[in-house]
Amino acid sequence: MLAMCAFAPSHVAWKGKNGMRGRVVRHAGDGSGKLAAFDLPAAPILVPEGSWKRVQGGGVTTPMGFQAAGMTAGLRAGTKADLALVVSDTPAQAAGVFTLNLMAAAPVIYCKEVLQKKDKVRAVLINAGQANAATGNAGWEDSLASAKAIAEVLGVEEDDVLLESTGVIGKRIKMDALLRGIPNIVQKLGRDQDSGEQAAIAITTTDLVSKSCALEVDIGGSTVRIGGMAKGSGMIHPNMATMLGVITCDAHVSTAAWRKILSSAVSNTFNQMTVDGDTSTNDTVIGLANGAAGGDEITEASGAAFEVLEAAVTAVCEGCAKAIAWDGEGATALVEVTVSGANTRNDANQVARSIAGSSLTKAAIFGHDPNWGRIACAAGYAGITFSTDDLRIELGPYLLMDNGQPMEFDAKAASLYLKSTCSKHGTVAINVSIGSGPQTGKAWGCDLSYDYVKINAEYTT
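Criteria and thresholds
- Residues numbered from 1 in each chain as written.
- Predicted model: local features only at pLDDT ≥ 70, side-chain atom pairs only at ≥ 80, totals over all residues.
- Heavy atoms only, no water.
- 1 Å grid on protein atoms, 1.4 Å probe; cavity = no way out; pocket = protein on both sides within 12 Å on 5 of 7 lines; lining within 4 Å.
- Points joined across faces, edges and corners; volume = space filled by probe spheres on them.
- Nonpolar A, V, L, I, M, F, W, Y, C, P; charged D, E, K, R; others polar.
- Helix = DSSP H or I, 4+ residues; strand = E, 2+ residues; numbered from the N terminus.
- Expected span 1.5 Å × (residues − 1).
- Buried < 20%, exposed > 50% of the residue type's maximum accessible area, 1.4 Å probe, protein only.
- Arc of directions from axis to C-beta.
- Contact = heavy atoms within 4.5 Å.
- Polar contact = N/O pair within 3.5 Å; in protein donor to acceptor, adjacent residues only side chain to side chain.
- Pairing = 2+ DSSP bridges.
- Axes fitted to C-alpha atoms, helices over the stretch in contact; angles between N-to-C directions.
- Salt bridge = Lys/Arg side-chain N within 4 Å of Asp/Glu carboxyl O.
- Parallel < 35°, antiparallel > 145°, perpendicular 65-115°, else oblique.
- Left-handed = near helix turned anticlockwise from the far one by under 90°.

1. Some words on empty space enclosed by the protein
Part 1 of the argument: Scanning the entire structure with this criterion turns up three cavities of 30 Å³ or more.
Part 2 of the argument: Looking at the largest cavity, its volume works out to about 80 Å³.
Part 3 of the argument: Taken together, 13 residues line the largest cavity, and the ones lying closest to its centre are Thr361, Ile365, Asp369, Asn371 and Ile375.
Part 4 of the argument: Class assignment for the residues of the lining of the largest cavity results in nine nonpolar, two polar and two charged.

Following this line, the structure appears as structure tokens:
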């Protein structure tokens, strides 16, 4: 079942954006052809299979003890929602993973300082429209004022609040609009799925779909729920991308264990996706775990319970990360690269990232050209040593290289595989083996189309 946005952004055609979830949280449009506040379809559910159960339509409000809201505060032009809030009923274990860009935005620096001194927080406030990056001391003061304002309305301490921002770099937050919106967004907080989806929509920028998912898993006899939302479409590259994420969880877990879980999950998901090779100033993934599910506390960063929770959190992060790559600016296909036969997982991940990020490979996919030489080239410059005699490359069902030797294959059929997959905005599978080692890694990206250049050439004009 497909549900399309009533008003598509003028710079991107909707052709090929199939596979979207049918649920769209709508506010009535104004008849002008502009997006209504929440008039955006949801990305397909891309959470991998596992020991967990996927929650249809779930998101950050799926775990117990969490509320969320989204609204239009007037932070950007038009009527699209631009302010989101996620709140835990009780202090939640907090973890964060942030951009490595030296020009880190004020909210990134703020969050890092809070998490250095505190284990638990209550809320995450996210604005869209202005990145509050490269804004100097004034931008820093804006972050402090934002945290203070939302804390006062929630009745919590100022450093119980974390912040995320997305939008145009070099632009300060429109503080008058944000401060006016804070009392309203607190009033809008809800525990239902629509409230979580509205928050997910409010954080989007050039995204054509919202990105959220949730699952539940049994841990020691207790049902634990994990939810997530993310945004991102362009300026996407490890480490991490112009992307924001919030992960919520009701597991009873210690600070040390929770922070290790989020760090590992991000390393193997968000840091394994690329759209265009640009690492943003605002990349942030925040994880909150409030213990509302009860059960024995997971205190050690090892053992069966820890491993189950880590795998489940990683699955939610993977679902969000793949949705971002699927929605890459101008993309017609998600590209999933799997590398096996490596000596270490890091080696496998590095080769997979190199292939997924190859502009030549991405362009070939868009052009439906099964040019496997570009895949081999990207594997070769990944910086990982392997025997070229061991290289094996598969594109979907087609074996293109084996034991380092080119294979005879039906080029027309392989091209048709790419054309068919791109026409339905599906997933192009590239499988590469670099030896006989025990480790496997994955990376995700998308094809590189003409629309990507148009979108980014006209981003502020």
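2. Regarding helix 10 (residues 411-423)
Residues that lie three or four places apart on an α-helix share one face, since the helix turns once every 3.6 residues.
Part 1 of the argument: Here helix 10 is 13 residues long and its end C-alpha atoms lie 18 Å apart, about the 18 Å a rise of 1.5 Å per residue gives.
Part 2 of the argument: Looking at helix 10, one finds that the buried residues are Ala414, Tyr417, Leu418, Thr421 and Cys422. In a view along the axis of helix 10, the buried residues occupy a sector of 120°, so they form one face of it. Relative to its buried face, helix 10 has exposed residues pointing more than 90 degrees away, namely Lys412 and Leu416.
Part 3 of the argument: Those residues of helix 10 that are buried lie in contact with helix 8 (359-366), strand 11 (392-395), strand 12 (398-402) and strand 14 (427-433).
Part 4 of the argument: For helix 10, the N-terminal capping position is held by Asp410, with its side-chain oxygen 3.2 Å away from the main-chain nitrogen of Lys412.
Part 5 of the argument: Backbone geometry just downstream of helix 10 places His425 in the positive-phi region, at approximately 50°.

3. Re the sheet that holds strand 12
Part 1 of the argument: Read from one edge to the other, the open sheet built from six strands follows the order 13-12-11-14-10-15, with strand pairing classed as mixed. Taken across any chain shown, the strands that pair with only one partner, and hence form the sheet edges, are strand 13 (405-406) and strand 15 (439-446).
Part 2 of the argument: On top of the sheet, helix 6 (residues 304-326) reaches strand 10 (334-342) and strand 15; it is set at about 40° to strand 15, its chief contact.
Part 3 of the argument: Sitting on the sheet, helix 10 is in contact with strand 11, strand 12 and strand 14, with an inclination near 135° to strand 14.

4. A few points about the pattern of salt bridges
Opposite charge on two side chains allows them to pair when their charged atoms are near.
Part 1 of the argument: A complete count under the given rule lists 15 salt bridges for this structure.
Part 2 of the argument: Between Arg392 and Glu394 there is a salt bridge; the shortest N-O distance is 3.6 Å.
Part 3 of the argument: What makes Arg392 partly exposed here is its relative accessible area of 28%.
Part 4 of the argument: Through salt bridges with shared partners, a single ionic network connects Lys117, Lys118, Asp159 and Asp160.

5. Regarding the packing of helix 5 (residues 255-267) against helix 6
Part 1 of the argument: Relative orientation of the contacting elements helix 5 and helix 6 amounts to 40°, with a least axis distance of 9 Å. As the angle between them shows, helix 5 and helix 6 are arranged oblique. In this structure, the crossing between helix 5 and helix 6 has a hand that is right-handed. Where helix 5 approaches helix 6, its residues Ala257, Trp258, Lys260, Ile261, Ser264 and Ala265 are matched on the opposing element by Phe306, Leu309, Glu310, Val313, Thr314 and Cys317.
Part 2 of the argument: Broken down by class, the residue content of the contact of helix 5 with helix 6 amounts to eight nonpolar, two polar and two charged.

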